[in-house]
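# Coordinate inspection notes
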Amino acid sequence: MSDRKPIVIGMALAMSWLTRSAWRREESEVEHLFDLEHYVTLAQQAEQAKLDFLFAPDTLFLAKEALAHEAGFTGFDPTTLIAAMASHTHRIGLVSTVSTTFTPPYIAARQLQSLNWLTKGRAGWNIVTALGGNENFGLETMPSSQQRYAKAREFVEVVNRLWQSYPHTAIKADRASGQFANVDDIEEIHHHGEFFDVLGPLNIPTHPSGRMPFFQAGASDAGRNFAAHVADVMFAATPDIESGIALKQDLASRCQQIGRSPSALKVLPGVALYLAKSEQEAHDLFTETHKAFDPAKHFAHLHKALGIDFSNHNLDDVVEVNSLAKGFIPYSQTHTDLLLTYIQRESPTLRQLLARPEVIGSSHWLIIGTVQQAYDDIVQRLEQGAADGFIAVPGGSKESMRLFFESLIPMLQQNGWFKSEYIGDTLATHLTEQAL
Ligand SMILES: Cc1cc2nc3c(=O)[nH]c(=O)nc-3n(C[C@H](O)[C@H](O)[C@H](O)COP(=O)(O)O)c2cc1C
C-alpha cells in the first residue's frame with residue numbers, strides 16, 4: 001500500500017474523438033452523433049477503467065459558423081444525457097452542467113435532485129455562469145462576469161436551501177397510521193433576494209447521500225472566490241504547468257483564508273490527449289485533426305479574447321500586449337488572463353501564439369505523444385503540485401481513445417497513482433475516500 005495521495009480522474013461524456021476534422025476519418029462513426037449507444041459504450045468503458053466521473057459540459061447557444069466544419073458544437077442537453085446514463089452504469093459519478101445565468105433555480109434544484117435519485121447519489125453539478133447565449137433568454141447583452149457571479153452565489157444559496165426544505169426523512173410511508181410524510185419537517189424557504197424570489201419547498205426530497213459535489217471553472221478573481229466558497233472541484237484551464245501551480249496555490253490560500261481545508265477543493269485540469277503508438281504518429285494525428293482549421297478563426301478568437309485584430313500582423317513579429325483597451329469586456333476573464341500571462345511571460349511570435357492551446361483549444365493542457373509520454377507529463381504535473389488529477393478529453397481518433405482506456409489508465413494504476421477498484425458508491429466518496 002502506497003502512502004501517495006490518490007488522484008481523481010474524470011472524463012468528458014462526449015464523442016471527443018470527433019474533434020475538429022477528426023469526424024472525417026473513415027472509422028469516426030459521426031453518423032451516430034445522436035445515438036444513445038455511443039454514449040453508453042463510452043460510459044461503460046470509463047466505469048470499467050474505474051474513472052471517478054463522467055462530465056457533460058454544455059452551452060445554451062449554437063455556434064453556427066463553426067458547425068459548418070466541426071461536429072463539436074451540437075449535442076444533447078447534459079441533464080437528459082446523464083439521466084440516460086444512470087441505468088447503464090452503477091458506480092461512476094455523473095456530472096451535469098446547469099447555468100446559473102439563464103436557468104430558474106427551482107428548475108435546477110429539481111432536475112439535479114432528480115438526477116441524484118436516478119443515479120443513487122452519483123450526480124454532480126457543474127455550475128457555469130455561461131460563455132454566451134444571452135440572446136436566447138431575452139438579454140440584449142451578456143451580464144458582466146461580476147454580475148454573473150453575484151447571481152450565481154444567490155442561485156447556489158437558493159438551490160441549497162430548496163434541497164434542505166424537503167429532507168428524505170420527512171417521508172414516513174407508515175401504512176398502519178396512514179401518515180405518508182411528516183409535513184412539519186418540510187418547510188418553505190421564503191427567499192427574497194436581489195435576483196430571485198422563491199417560496200419553496202422543493203417537490204422532491206433530498207437524496208440520503210447529502211449535498212452533491214459542485215464543480216466550477218471560471219478563474220477570474222470573482223470566479224476563484226466563488227470556487228473557494230462553494231466548489232468541491234475546480235475544472236481548471238491550465239495550458240502549462242506554471243498556470244497549474246499558480247492556480248492551485250492561489251485556490252489553497254483562498255480556502256485557508258475562509259477556514260476551509262485546501263484539500264476540500266480539488267483542482268482538476270482539462271487535458272486534451274492525442275495519443276498514438278509513436279510520437280511522430282501522434283503529431284501526425286494532431287496535424288491531421290487541425291489541418292482544415294481556418295486561420296481567420298484563430299484571429300477572431302484572439303480578437304474576442306483580447307480586443308486586438310492580429311490578422312494584418314507578420315507571423316514572425318513578437319506579440320506584445322501590455323494592457324487591454326479601456327472598456328473592453330472579455331467573453332471570459334479566465335481565457336483572457338491566461339493569454340495575457342503567456343504573452344507577457346514568453347514574448348512569443350504571432351506564429352508561436354497561434355499554436356498555443358489558448359488559441360487552438362479551450363486553453364486546456366494539451367498532450368500529443370505516446371502513452372509513456374502522456375504518463376510522464378501527467379506525473380510531472382502531479383509531482384510539482386499543478387493538479388490533483390485531471391479531466392480527460394481524448395481526441396483525434398478512436399485509437400487515441402482506446403490507448404487512453406487500455407494503456408494510460410492501467411499505467412497510472414500500476415504505478416500507484418490511481419485506484420484499481422471503486423471504494424464507495426457515490427460521487428462524493430469517489431472524490432474524498434479514495435484508496436490505492
Ligand atoms: C475551463 C472552462 C470551462 C467552462 N465550461 C463552460 C461550459 O461548459 N458551459 C458554459 O456555459 N460556460 C463554461 N465556462 C464559463 C464559466 O462558467 C464562466 O462563465 C466564464 O469563464 C466567465 O468567468 P470568469 O470571468 O471567471 O472567467 C467555462 C469556463 C472555463 C474557464
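For clarity, every value in this text was computed on a predicted model and none was experimentally measured.

The rules behind these values
- Residues numbered from 1 in each chain as written.
- Predicted model: local features only at pLDDT ≥ 70, side-chain atom pairs only at ≥ 80, totals over all residues.
- Heavy atoms only, no water.
- Buried < 20%, exposed > 50% of the residue type's maximum accessible area, 1.4 Å probe, protein only.
- Helix = DSSP H or I, 4+ residues; strand = E, 2+ residues; numbered from the N terminus.
- Right-handed = clockwise from strand over helix to strand, strands pointing away.
- Pairing = 2+ DSSP bridges.
- UniProt positions renumbered as here; feature names shortened; annotations may be inferred.
- Axes fitted to C-alpha atoms, helices over the stretch in contact; angles between N-to-C directions.
- Parallel < 35°, antiparallel > 145°, perpendicular 65-115°, else oblique.
- Left-handed = near helix turned anticlockwise from the far one by under 90°.
- Contact = heavy atoms within 4.5 Å.
- Nonpolar A, V, L, I, M, F, W, Y, C, P; charged D, E, K, R; others polar.
- Salt bridge = Lys/Arg side-chain N within 4 Å of Asp/Glu carboxyl O.
- Patch = residues over 30% accessible without salt bridge, like charges linked within 9 Å, V, L, I, M, F, W, Y side chains within 5 Å.
- Areas by Shrake-Rupley, 256 points an atom, 1.4 Å probe, with all protein chains shown as cover.

### What about the pairing of strand 2 (residues 53-56)?
On a regular strand, one side chain projects to one face of the sheet and the next to the other, so that they alternate. The two faces of strand 2 match: Phe53 and Phe55 on one face and Leu54 and Ala56 on the other face are all buried. The parallel pair strand 1 (residues 8-12) and strand 2, bridged by helix 1 (residues 36-48), forms a crossover whose chirality is right-handed. Pairing geometry for strand 2 and strand 3 (residues 93-99), over 4 bridges, is parallel. Bridge pairing in strand 3 links Leu54 to Leu94.

### Considerations on the UniProt feature "domain: Luciferase-like" (unreviewed entry) in the protein chain
Here the UniProt-annotated "domain: Luciferase-like" (unreviewed entry) positions come out as residues 26-320. As a span, residues 26-320 carries 38% helix and 15% strand, and end to end its C-alpha atoms are 42 Å apart.

### A closer look at the packing of helix 13 (residues 371-383) against helix 14 (residues 398-414)
At a minimum axis distance of 10 Å, the contact between helix 13 and helix 14 shows a crossing angle of 45°. When the interaxial angle is binned, helix 13 and helix 14 end up oblique. In this structure, helix 13 crosses over helix 14, and the sense of that crossing is right-handed. Counting all contacts with helix 13, which are made through Val371, Gln372, Ala374, Tyr375 and Ile378, the residues of helix 14 involved are Leu403, Ser407, Leu408, Met411 and Leu412. Of the residues in the contact of helix 13 with helix 14, the class split is 8 nonpolar, 2 polar and no charged.

### Things to note about the pattern of salt bridges
Here the structure, examined in full by the defined rule, presents 23 salt bridges. Linked through salt bridges whose partners overlap, the residues forming this network are Asp240, Glu242, Arg345, Glu346, Arg356 and Glu358.

### Digging into a nonpolar patch on the surface
On the surface, Leu60, Phe137 and Leu139 cluster together into a nonpolar patch covering about 210 Å² of accessible area. Looking at where Leu60 falls in the secondary structure, it is placed in the loop between strand 2 and helix 2 (64-67). The class of Leu60 is partly exposed, set by a relative accessible area of 33%.

### Description of the packing of helix 9 (residues 295-306) against helix 10 (residues 333-346)
Running from N to C, helix 9 and helix 10 cross one another at 100°; their axes reach a closest spacing of 9 Å. Taken together, helix 9 and helix 10 sit at an angle that is classed as roughly perpendicular. Packed against helix 9, whose contacting residues are Leu302, Ala305 and Leu306, the element helix 10 presents Thr336, Leu339, Leu340 and Ile343 at the interface.

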